[in-house]
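# Structure at a glance
What follows is the residue order along each chain.
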Amino acid sequence: LCLQVPELEKATVRIRQPERVREIIQSLREQGVAKLQVISDFDMTLSRFGCNGRRCPTSHNILDTSRVISEDGKKKLKDLLHYYYPIEIDPNRTLEEKCPLMVEWWTKAHELLVQQKIHKSDIAQIVRESEAMLRDGFKEFFDQLHKNNVPLFIFSAGIGDILEEIIRQANVFYSNVNVVSNYMDFNDDGVLTHFKEPLIHTYNKNNTVLQGTGYFQQLSTRTSIILLGDSMGDLTMADGVPSVENILKIGFLNDKVEERRGKYLDSYDIVLESDETLDVVNGILRYILTE
């Protein structure tokens, strides 16, 4: 397989069942471009986890630390992060334990943001002033999918308005890109009043929040899937697809690598450890999409 996809030889790549991965990639290629769709998380998956030893911001962080948030608001949002983030990534807690706590976290954070009277007109500037970065190779990734009319579904527990703006400012918000995320609702004066339902957090990225969108129904012939994520919660993102024939799950293991490696290798077909690029994904796409 490394002959066809040399990127799989990178030192960051871990694969528990190489033979199985080879078969899936082969099937994806044989099924052809007309059957393919890509389902991806955004924060720390399409966007970078870090750069030069510093953490890159998520779509929530971009807003939480921006000039439109009061010092008091920033402190409260940071306190929430310090309390709930360790719960989110705790390998010893069950999903049943985590879910209600995630809802609690997101709800409190959204309420704090609403209190800040954020203006819609500030969003583009907030993103421009932030240190948001998409992963290296993002342009080839978005371009390849667009050129071949492959739908890209971004399923994010972040803030939709912010992440759309990041993609827009990178000049890759093409017509094949569809986003489901937490969107802000503004009043007639353009002031944030609340967040739209349903609330999407790390562990409910599945059918339950997609009901009524009908997105995957429209794509019922797209039965080959490449799924990209960076958390255990991302593994259910394809649950709304009516009949999956082939699915290749690629996981970005950004943080606490040693501690979480086993779990990631059990769950994802390909694990990319501390890899800030989309090289492997692009290499696989190139192989699948070339005639």
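One can find the structure itself at the top, above this paragraph.
Below: a short report on this structure. (Residues numbered from 1 in each chain as written. Predicted model: local features only at pLDDT ≥ 70, side-chain atom pairs only at ≥ 80, totals over all residues. Heavy atoms only, no water.)

## Concerning the layout of surface pockets
Worth spelling out the cut-off: Definitions used throughout: a 1 Å grid over protein atoms alone; a cavity as a set of points that fits a 1.4 Å probe which cannot get out; a pocket as an open set with protein on both sides within 12 Å along at least five of seven lines; a lining residue as one with an atom within 4 Å of a point. Grid points are joined across faces, edges and corners, and a volume is the space filled by probe spheres set on the points. Numbering goes from the N terminus for both helices and strands, where a helix is a DSSP run of H or I of at least four residues and a strand is a run of E of at least two. Each residue gets one label: Ala, Val, Leu, Ile, Met, Phe, Trp, Tyr, Cys and Pro are nonpolar, Asp, Glu, Lys and Arg are charged, and the others, such as Gly, are polar. Domain boundaries shown here were taken from an automatic or database domain assignment.
In this model, the second largest pocket occupies a volume close to 150 Å³. The wall of the second largest pocket is formed by Thr-107, His-110, Glu-111, Val-114, His-194, Phe-195, Lys-196, Glu-197, Pro-198 and Leu-199. Those elements giving two or more residues to the lining of the second largest pocket turn out to be α4 (95-115) and β8 (192-195). For the lining of the second largest pocket, the element with the most residues is α4, which contributes four residues. Split by residue class, the lining of the second largest pocket holds four nonpolar, three polar and three charged. Structurally, the lining of the second largest pocket is a two-domain feature, drawing no fewer than three residues from each of domain 1 (6-50 + 133-289) and domain 2 (54-129).

## Observations concerning helix α1 (residues 18-31)
Condition: How far a helix is expected to stretch is found by multiplying one less than its residue total by 1.5 Å. Here's how the labels work: a residue is buried when its accessible area is under 20% of the maximum for its type, exposed when over 50%, partly exposed in between, all with a 1.4 Å probe on protein chains only. Directions drawn from the helix axis to the C-beta atoms are what define this arc. Any two residues whose heavy atoms approach within 4.5 Å are treated as being in contact.
Taking 1.5 Å per residue as the helical rise, α1 with its 14 residues ought to reach 20 Å, and the 20 Å between its terminal C-alpha atoms agrees with that figure. Regarding α1, the residues found buried are Val-21, Ile-24, Ile-25 and Leu-28. Summarising the axial view, the buried residues of α1 lie within an arc of 95°, below the 170-degree limit, and thus occupy one face. Buried positions along α1 lie against β2 (36-40), β9 (224-229), β10 (246-253), β11 (270-273) and α11 (279-289).

## So, the packing of helix α6 (residues 138-147) against α11
Keep this limit in mind: Where helices are involved, their axes are fitted lines through C-alpha atoms of the stretch in contact, as for all axes, and angles between N-to-C directions lie from 0 to 180°. If an angle is under 35 degrees, it is roughly parallel; if it is over 145, roughly antiparallel; if it lies from 65 to 115, roughly perpendicular; otherwise it is oblique. In this scheme the crossing of two helices becomes right-handed for a clockwise turn of the near helix relative to the far one and left-handed for an anticlockwise turn of less than a right angle.
Between α6 and α11, the least distance of the axes is 10 Å, while the angle of their chain directions is 25°. When the interaxial angle is binned, α6 and α11 end up roughly parallel. For the pair α6 and α11, the crossing hand works out as left-handed. Contact residues: α6 offers Glu-140, Phe-141, Gln-144 and Leu-145, while α11 offers Val-281, Asn-282, Leu-285, Arg-286 and Leu-289. Split by residue class, the contact of α6 with α11 holds five nonpolar, two polar and two charged.

## Overview of the nonpolar core
To be explicit about the condition: We define the nonpolar core as a collection of buried residues of types Ala, Val, Leu, Ile, Met, Phe, Trp, Tyr and Cys that are connected through side-chain atoms lying within 4.5 Å of one another.
With 90 residues, the main nonpolar core has Phe-141, Ile-226 and Ile-284 as its most contacted residues. When residues of this core are assigned to domains, at least three map to each of domain 1 (6-50 + 133-289) and domain 2 (54-129). Apart from residues no more than four positions distant in its own chain, Phe-141 is found in contact with Val-38, Leu-46, Leu-152, Leu-228, Leu-278, Val-281, Asn-282 and Leu-285.

## What about the packing of aromatic side chains?
The line we're drawing: What counts as a ring pair is set by centres within 6.5 Å for rings of Phe, Tyr and Trp (its six-membered ring), and what kind of pair is set by the plane angle: stacked under 30 degrees, edge-to-face over 60, tilted for all other angles.
This structure, assessed with the given rule, holds nine aromatic pairs. Seen from their ring centres, Phe-153 and Phe-155 are 5.4 Å apart, and the 75° between their planes marks the pair as edge-to-face. Phe-155 shares its class with Phe-153; the two are buried. By the ring-pair criterion, three or more aromatic residues cluster together here, those being Tyr-83, Tyr-84, Trp-105 and Trp-106.

## Quick look at the environment of Tyr-268
Put simply, the rule is: Counting of polar contacts relies on pairs of N or O atoms within 3.5 Å, with two restrictions inside protein: one atom must be capable of donating a hydrogen and the other of accepting it, and residues adjacent in sequence are counted only when both atoms are side-chain atoms.
Structurally, the position occupied by Tyr-268 is in the loop between α10 (257-267) and β11. For Tyr-268, a relative accessible area of 2% puts it in the buried group. With 253 residues separating them in the primary sequence, Tyr-268 and Ile-15 have C-alpha atoms 8.5 Å apart. Contacts of Tyr-268, omitting those with residues within four sequence positions, involve Leu-227, Gly-229, Asp-230, Ser-231, Asp-234, Leu-235, Lys-249, Ile-250 and Gly-251. From its side chain, Tyr-268 meets the backbone oxygen of Ser-231 in a polar contact 2.7 Å long.

## Looking at empty space enclosed by the protein
Scanning the model with the defined rule gives one cavity of 30 Å³ or more in all. Approximately 30 Å³ is the volume attributed to the largest cavity. Around the largest cavity sit Phe-42, Asp-43, Ser-47, Pro-57, Thr-58, Ser-59, Ile-62, Ala-132, Met-133 and Ile-166, which together line it. Looking at the lining of the largest cavity, its residues break down into six nonpolar, three polar and one charged. Structurally, the lining of the largest cavity is a two-domain feature, drawing no fewer than three residues from each of domain 1 (6-50 + 133-289) and domain 2 (54-129).

## Side note on the sheet that holds β2
Our working rule: Following DSSP output, two strands are said to pair if at least two bridges run between them.
If you trace the seven strands from one edge of the open sheet to the other, you get β1-β11-β10-β9-β2-β5-β6, paired in mixed fashion. Single-partner strands in this sheet number two, and they are β1 (13-14) and β6 (177-182). As paired elements, β1 and β11 share two bridges and run antiparallel to each other. Bridged to Val-13 within β11 is Leu-272. Sitting on the sheet, α10 is in contact with β1, β10 and β11, with an inclination near 175° to β10.

## Description of the environment of Asn-178
Checked against the element boundaries, Asn-178 lands in strand β6. The class of Asn-178 is partly exposed, set by a relative accessible area of 30%. Each C-alpha atom, one on Asn-178 and one on Lys-196, is 17 Å from the other, the two residues being 18 residues apart in sequence. With residues up to four places along the chain from it excluded, the contact list for Asn-178 reads Leu-152, Phe-153, Ile-154 and Tyr-215.

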